[in-house]
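Listed below, chain by chain, are the residues.
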Amino acid sequence: MPYSLKGRNVLVTAGSRGLGALVCEKFAAEGANVLINYHSNAEAAQQLADKLEKEYSVNCHIAQADTLVAAENDQLVHTTVEKLGGLDIIIANAGWTRFTRPGDIYDMSHDEWNKCWAANVMSHLQLMQTAQPIMSKNPDGGVYIATSSIAGITTGGSSMAYSVTKAAGLHLMKHFAFTFGPEIRVNAVLPGLLLTEWGMKFGDNIINALKERSTLRHETYLDDCADAYISLAKNTSATGQQLTVDAVFCPGGISSVGRSSRPLYKDSNALSLKANSCGKSVSVKLVGSKRPTGLKTGEQGIENDSQKLDIFGNIRISRTLNNIGEKNNERRK
C-alpha cells in the first residue's frame, strides 16, 4: 500500500540549493511539511521556505547545522521534531568531496579523508541514532533516504575518498534497513551527472563528452532524480535498495572502460583529452595559447595539474586545470 506523504514531517539535510532544494519542493508539493537544513546560506534556505509555504500551504522551517559535527546532527533531528511537531522522513542529502588527481593517493590529506568519512558515513549513523527511536514510534514508521552517488558503486567520482566513503555509506544503509525494518524503510538514491552548481564545476568539455557518450545522450535530469526520492518514500515494498538515476549508464560496467586515459600532447595549441566509455573513445580538446612547460610525452602524459576524472565509473576523461608544470613530489618524501 502506498505511503501517503500528505501531512508527513520531512527533514532534508543540505536542502537549500541544488538537488536538495528541488527535493524539498517535491515533498511540499505532496503536502508534506519540510525542515530545510543549510550549512551557510541562510538567505537561500529562507527564500525556499517562504516559497514552499506560499505555493503549497505547508509548514516549512529552516535550521543551520554542520552535518560533519555529531552534536549538530543530533540537534538537527530534535529541532525538526520541535518545529514540525514530529519526524517521519529523513532525506540525508549532505556530503563532502573535492576534486583530486585520480590514482594519486597523496593528493588528499588524512584530515580530508576523515572529513569525507564524517560527511558521507558518520553523518548517517549520527542522524539515525537520534531519529530511530522517534520514527519507530510513529504509527506508520519512518523513512530514511540517503543521497549516494554512482561513485559509490564504481571506482569513479571526484576523488578516491569520495568513492570509497560513498560505498561505505551504501553498506551502512543496508545494515540500517536490515536492523530497523519493518518500522523504518531505508534506501539510497545514486545520481549520475547533475548540472547543479557543483556539477557545473566539471566544465563544458567534460560535460559535453559525458553527454555524447551517454546512453540517453544527455545528463541526468535534476527533476527526474528528485522524483526518485518521492517514489522511494511512497513505496512500502522497498528497503535496503540503491536506486540509480543515471543517463550515462554503461551496461558493461567498470571492467569495460579502457585502461588508458592519460592526456596525450597533440600540438602547440591544444591538449587532447582521451575519454573512454564502454570501450569506445572520444577526443576532447582544450585549447591553450602556448606549449605547456614541463610536459612529458607519450604514456606518461601530463603529470601535474591535470585531473583524470573517472566520472561515474563509465567515462574516463583527463581534465587539465590551472597551470601545467613539473610534478611536485614533495608530499611523497
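Residues numbered from 1 in each chain as written. Predicted model: local features only at pLDDT ≥ 70, side-chain atom pairs only at ≥ 80, totals over all residues. Heavy atoms only, no water.

Draft legend 1. Representation of the confidence of the model for the protein in the model. This prediction gives the protein a mean pLDDT of 79; 74% of its residues lie at or above 70. Counting interchain partners and residues more than four positions distant, the pLDDT-below-50 stretch residues 250-333 has 188 contacts. (pLDDT = per-residue confidence, 0-100. Contact = heavy atoms within 4.5 Å.)

Draft legend 2. Up close: the environment of G86. Relative to the assigned elements, G86 resides in the loop between α3 (70-84) and β4 (89-92). Taking relative accessible area as the criterion, G86 reaches 12% and is therefore assigned buried. The spatial distance from the C-alpha of G86 to the C-alpha of I134 is 8.1 Å, given a sequence separation of 48 residues. Apart from the residues within four sequence positions on either side, G86 is in contact with N9, T80 and V81. (Helix = DSSP H or I, 4+ residues; strand = E, 2+ residues; numbered from the N terminus. Buried < 20%, exposed > 50% of the residue type's maximum accessible area, 1.4 Å probe, protein only.)

Draft legend 3. How the structure looks around the layout of surface pockets. The volume enclosed by the largest pocket comes to roughly 1300 Å³. Taken together, 40 residues line the largest pocket, and the ones lying closest to its centre are A14, N93, A94, G95 and W198. Those elements that place two or more of their residues in the lining of the largest pocket are α1 (18-29), β2 (33-38), α4 (110-136) and α5 (160-180). Here the lining of the largest pocket is composed, by residue class, of 15 nonpolar, 19 polar and six charged. (1 Å grid on protein atoms, 1.4 Å probe; cavity = no way out; pocket = protein on both sides within 12 Å on 5 of 7 lines; lining within 4 Å. Points joined across faces, edges and corners; volume = space filled by probe spheres on them. Nonpolar A, V, L, I, M, F, W, Y, C, P; charged D, E, K, R; others polar.)

Draft legend 4. The pattern of salt bridges, seen in detail. All told, the structure shown has eight salt bridges when counted by the stated rule. Its salt-bridge partner being D223, residue K26 comes within 2.9 Å of it at the nearest N-O pair. Residue K26 is located in helix α1, and its partner D223 is located in helix α7 (residues 222-234); the two are separated by 197 residues in the primary sequence. D104 serves as the salt-bridge partner of R101, at 3.4 Å between the closest nitrogen and oxygen. On the accessibility criterion, R101 (15% relative accessible area) is buried. Residues participating in the shared-partner salt-bridge network are K26, D223 and D227. (Salt bridge = Lys/Arg side-chain N within 4 Å of Asp/Glu carboxyl O.)

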